[in-house]
Amino acid sequence: MEYLEFELPIKELEDQLLKCKVIGEESEVDVTETCSNIEKKLAATQKDIYKNLTPWQRVQMSRHPDRPYVLDYIRAICGESFLELHGDRSFKDDKAMIGGLGKIGDQSFMFIGQQKGYNTKTRQYRNFGMANPEGYRKALRLMKSAEKFGIPVVTLIDTPGAFPGLEAEERGQGEAIARNILEMTRLKVPIITIIVGEGASGGALGIGVGDVVLMLENTWYSVISPESCSSILWRSWEFKEQAADALKLTAIDMKKQKLVDEIIKEPLGGAHRDREKTFSAVSNAIVKTFDELKNLSPKDLVSNRMDKYSQMGVYKG
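Just so we're clear, the structure is a prediction, and the values are computed from it rather than from any experiment. (Residues numbered from 1 in each chain as written. Predicted model: local features only at pLDDT ≥ 70, side-chain atom pairs only at ≥ 80, totals over all residues. Heavy atoms only, no water.)

Colleague: Where do I start with the pattern of salt bridges in this structure?
Modeller: In a structure, side chains of opposite charge can pair up when their charged atoms sit close to one another. As enumerated under the stated definition, the model contains 22 salt bridges in all. We note a salt bridge from arginine 67 to glutamate 266, for which the minimum N-O separation is 2.7 Å. Placement of the pair is arginine 67 in the loop between α3 (55-62) and α4 (70-78) and glutamate 266 in the loop between β8 (262-264) and α13 (275-293), with a sequence separation of 199 residues. Under the relative-accessibility criterion, arginine 67 is labelled buried at 2%. Here glutamate 175 makes a salt bridge to arginine 179, at a shortest N to O gap of 3.6 Å. (Salt bridge = Lys/Arg side-chain N within 4 Å of Asp/Glu carboxyl O. Helix = DSSP H or I, 4+ residues; strand = E, 2+ residues; numbered from the N terminus. Buried < 20%, exposed > 50% of the residue type's maximum accessible area, 1.4 Å probe, protein only.)

Colleague: When you look at the pairing of strand β5 (residues 191-200) in this model, what are you seeing that I'm missing?
Modeller: Each regular strand carries side chains that alternate between the two faces of the sheet. The element β5 is extensively covered by neighbouring structure, given that 10 of its 10 residues are classed as buried. Two elements, strand β4 (residues 153-159) and β5, share 6 bridges in a ladder whose sense is parallel. Counterpart to valine 154 in the pairing with β5 is isoleucine 192. Here 4 bridges tie β5 to strand β6 (residues 212-216), and the two strands are oriented parallel to one another. (Pairing = 2+ DSSP bridges.)

Colleague: Honestly, the packing of helix α1 (residues 8-26) against helix α2 (residues 32-50) in this entry has me stumped. Any pointers?
Modeller: Between two packed helices, the angle of one axis relative to the other and the distance separating the axes together describe the packing. Here α1 crosses α2 at 165 degrees, and the two axes come no closer than 9 Å. Looking at the two axes, α1 sits roughly antiparallel to α2. Between α1 and α2 lies a crossing of left-handed hand. Contact with α1, carried on its side by Pro9, Ile10, Leu13, Glu14, Gln16, Leu17, Cys20 and Lys21, involves Thr34, Cys35, Ile38, Glu39, Lys41, Leu42, Thr45, Gln46, Ile49 and Tyr50 of α2 and no other residues of that element. By residue class, the composition of the contact of α1 with α2 is 10 nonpolar, 4 polar and 4 charged. (Axes fitted to C-alpha atoms, helices over the stretch in contact; angles between N-to-C directions. Parallel < 35°, antiparallel > 145°, perpendicular 65-115°, else oblique. Left-handed = near helix turned anticlockwise from the far one by under 90°. Contact = heavy atoms within 4.5 Å. Nonpolar A, V, L, I, M, F, W, Y, C, P; charged D, E, K, R; others polar.)

Colleague: Looking at this structure, I do not really get the pairing of β6. What am I missing?
Modeller: Within β6, 5 of the 5 residues are buried, which leaves the element mostly enclosed by the surrounding structure. With burial as the criterion, each face of β6 is covered, one bearing Val212, Leu214 and Leu216 and the other bearing Val213 and Met215. Where β6 lies against β8, 3 bridges are found, and the strand directions are parallel. Counted as the bridge partner of methionine 215 is isoleucine 263 from β8.

This is the structure we're talking about:
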């Protein structure tokens, strides 16, 4: 288990608890009371730290190396039923954008999301979760297939942004994202969007137009990352904490601004501390949300979706 800087007091207490247990096992000394005291202190410290996270600490949590990625969620939720589909039928298969059919119970869903890598090799293979235009075109192709067969769409967002390279721009990155946003607003099947990690800029919006948008507790959703915002405003990355605070990018801020509909609670310490519990919470949220949407006609779905997005940013003085 890796620890972030603000989690070091927890690591200290966990190490103490482990040593205490080892002493108890290797000698005849009764350490029950000492262990119990450390456990109480550990529980209090965890509660104190995780209940008072700053926006920047939540950004760090969303990038935690042990945090589950999109494929982890899909495999845990769908099991063997997931069938990955590849390619945009035009240029190539983008490894940063994954998608395919999977089942929860007897209901089929089209899952689409950005996949990051677990180590240096897979991060390069997945382009660090930054999709090229062909990735967004693949996502649109899969959404259109889902619409044709009346299958609901689930998009899982976890990206530091769309790939900003020259070749991506040459192949029409901006147009591909804009096309997805347009087509998603009028897709005639339910779309459930969940931010499971980083939700940065157009990279997130390219698959982020949903009837219902959910956010895991320790994730962020913003037009720009705190580091980039800091480098533009202050010409330095040193002010990233101030930028994170000013951007109002946490799940609580997003809910308050009515830009997302619900927050999915994470286990104490983040999604990586209890993966099974997190997978279960996400699966239940998908099923619950689909039950609310499944009886709406295609016309009502599109109309409600259009209304939802046209009301964002409306200010009444």
